[in-house]
Amino acid sequence: MRISRDRLARRTMLVLTCVPAFLVLLILVGLFVRARPILAEKPFFSLLFSSAWSPLKGDFGLFPFIMGTLWVTFVSLVLAVPVSLLSAVYLSEYAPRSIREFTKPIIDLLAGLPSVIYGVWGVLLIVPLVGRIIAPFFGVTSSGYTILAGGIVLAIMILPTIISVSLEVFSSIPYPMREASLSLGATKWETVRHVVLKKGLQGIIAAIVLGLSRAFGETMAVLMVVGNIPRLPRSIFDGGYPLPALIANNYGEMMSVPLYDAALMLAAGVLLLVVLFFNVLARVILVRVERRAA
Amino acid sequence: MTPSFENRRLRRRKMEERIFRALMAASMLVVIGCLILIVGTIIWKGLPAMKLSMITQTPKGGYYLGKEGGILNAIIGSLYLASGATVLAILFSLPVVLYINVYAKKRSRLASLTRFSLDVLWGVPSIVYGAFGFIIMIFFGLRASLLAGILAVALLEFPIMSRAADEVIRMVPRELLEASYSLGATRLETALKVVVRQCLPGLLTAVLIAFGRGIGDAASVLFTAGFTDRIPTSLFQPAATLPLAIFFQLGTPFPEVQQRAYASAAILTVLILIISLVARGLGKRYTRHIIK
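In this text, all values refer to a predicted model and were calculated from it rather than measured experimentally. (Residues numbered from 1 in each chain as written. Chains lettered and ligands numbered in written order. Predicted model: local features only at pLDDT ≥ 70, side-chain atom pairs only at ≥ 80, totals over all residues.)

Notes on the overall build of chain B
Stage number 1. Helix and strand counts for chain B come out as eleven helices and zero strands.
Stage number 2. Helices and strands appear in chain B in the N-to-C order α-α-α-α-α-α-α-α-α-α-α.
Stage number 3. Its C-alpha radius of gyration of 25 Å places chain B more than 25% over the 19 Å reference for a compact globule of 292 residues.
Stage number 4. Each principal axis of the C-alpha distribution contributes one length, and for chain B these read about 80 × 70 × 40 Å.
Stage number 5. Residues classed as buried in chain B amount to 49% of the 292 residues present.
Stage number 6. A separation of at least 24 residues holds for 75% of the contacts in chain B among residues at least 6 apart in sequence. (Helix = DSSP H or I, 4+ residues; strand = E, 2+ residues; numbered from the N terminus. Rg over C-alpha atoms; globule rule 2.2 N^0.38 Å. Buried ≥ 20, exposed ≤ 12 C-beta atoms within 10 Å, placed from the backbone. Contact = placed C-beta atoms within 7 Å.)

Written as structure tokens, this is what we have:
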């Protein structure tokens, strides 16, 4: 009786354990099946690289949105990478235990704040900051709803990801390596640069890639501050219209215009493909780093 | 090398050390400052607009034009949605996590594939879960409803909860399992009565983390849960959610309604702060049954 119950549980759990792996595939397949009507009409690459966007005429060029996503992501990485790496080095190499204990909840909380909150905050603070101070400083007039505003908000959102993954990477570097460097007379920073950063390079790249993929898919916060203008952005003071924002903004009308829903599902599918690529890349690197440390 | 040259080099190296230390301290301040700035701004902007009616009333006619009412519908809707999704996510993630830690062999391919997939799922953007939830919804002929929203949010919470729970259960010492087997317990009994009990605080933390993520997510419910001014009374009715209420109120051109968006944002922030404090507290307490 007990054994048969155990066996039954074992089988159920085994089936459920296969769910995650299948779910990834299922989502991808589902999105592309729903996108088939539009793929049947136009080749995949012409949709990706066309800039014509007028759903009512049947033009669904995703290029401006893809570029919008790339611009915002790039700005956020430029801002977030130095800050988060320096913080991670400080926390892992310099900070006393008490500070490390104190900052952990802060970083967790930063990661746990809902994206709408980031969005509201961006509208309250970052958009006016960009519109009234930063843009005039560079001699540009701007409403503030720009790629730059989106990038700044995103940068803060991906800080916790990069910091916590890098911290894990740094902690996997054996301590004696650092001691060897210090005993040769290197300063603490030289040890960090030549031992910690060098040894952890792959892991750092993985951390950045994870941050990047988080930035790539972030929706609400960016949507609220980036302006949502379906045009190719030419500078960081232009408004942009990233892919996730496109999907989120048009869910209401997509069922009433032919092919619209297929185009949006295609956008979601493309988004997922890119994010999957980066995630798998980062995870493969991290697994290798972990194995080497063990 | 002359001593003065040597001295200069040493001074330069020390200088470099100091510069980078300063940069690190500055970065740390930026990180901490950001959190304080965000929470501070939201609360500071939200408090003046906060009225008791915000959390005790549903929107009355013309609420989005600045008339009377509150966002009780969204608060309740969010709680329903996140609770339902969390329960659903537990039902899926607990067996998975128990399987890869108790049943699977030490270096099982399946276990590492599952961990890998969970990590990948963890990185899937919530808007994609929303779109996928929408596809499921259409597939089963559902309309935008509490149920569809629960499904989408459960998908989003599943990898978060599983990964957090896995981290905890992985720490259970192997000897504890073996002690249980040697007393004649089956693996199922060991899993439920030893592992789960041993990890209870950590598991609760994992559940709360997922719950917090579920309650704050907007992109996944945008397509699936719909929006309504009423409090849903069945699974098949649409449900309002707090993040979307914030988003819609902020999107109106009326300053009074935007003020309410700030107040709603403050409510959501406080809710998230409470959840994460409780999660943190649970990790420390309820350690009665734990064998160290």
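A short note on the interface of chain A and chain B
Stage number 1. Every contact between the two is made by 69 residues of chain A and, on the other side, 66 residues of chain B.
Stage number 2. No other element matches helix H1 (residues 2-17) of chain A, which puts eleven residues into the side of chain A that touches chain B.
Stage number 3. A per-class count over the side of chain A that touches chain B returns 46 nonpolar, twelve polar and eleven charged. (Nonpolar A, V, L, I, M, F, W, Y, C, P; charged D, E, K, R; others polar.)

Section: unusual backbone geometry
Stage number 1. The phi angle at Asn228 of chain A is positive, at roughly 55°, despite the residue not being glycine.
Stage number 2. Position of Asn228 of chain A relative to the elements: it lies in the loop between helix H12 (220-225) and helix H13 (243-249).

Considerations on the domain arrangement of chain B
Stage number 1. Domain annotation for chain B reports domain 1 (3-49) and domain 2 (55-284).
Stage number 2. Using only C-alpha atoms to locate each centre, domain 1 of chain B and domain 2 of chain B end up separated by 35 Å. (Domains from an automatic or database assignment.)

Re the nonpolar core
Stage number 1. Val120, Val153, Ala267 and Ala268 of chain A together with Ala131 of chain B are the most contacted members of the largest nonpolar core, which totals 193 residues.
Stage number 2. Summarising the domain contributions, this core has at least three residues from each of domain 1 (3-49) and domain 2 (55-284) of chain B.
Stage number 3. Ignoring any residue separated from it by four or fewer positions in sequence, one finds Val153 of chain A in contact with Tyr118, Gly122, Ile126, Ala221, Val222 and Val225 of chain A. (Core = buried A, V, L, I, M, F, W, Y, C linked by C-beta atoms within 7 Å.)

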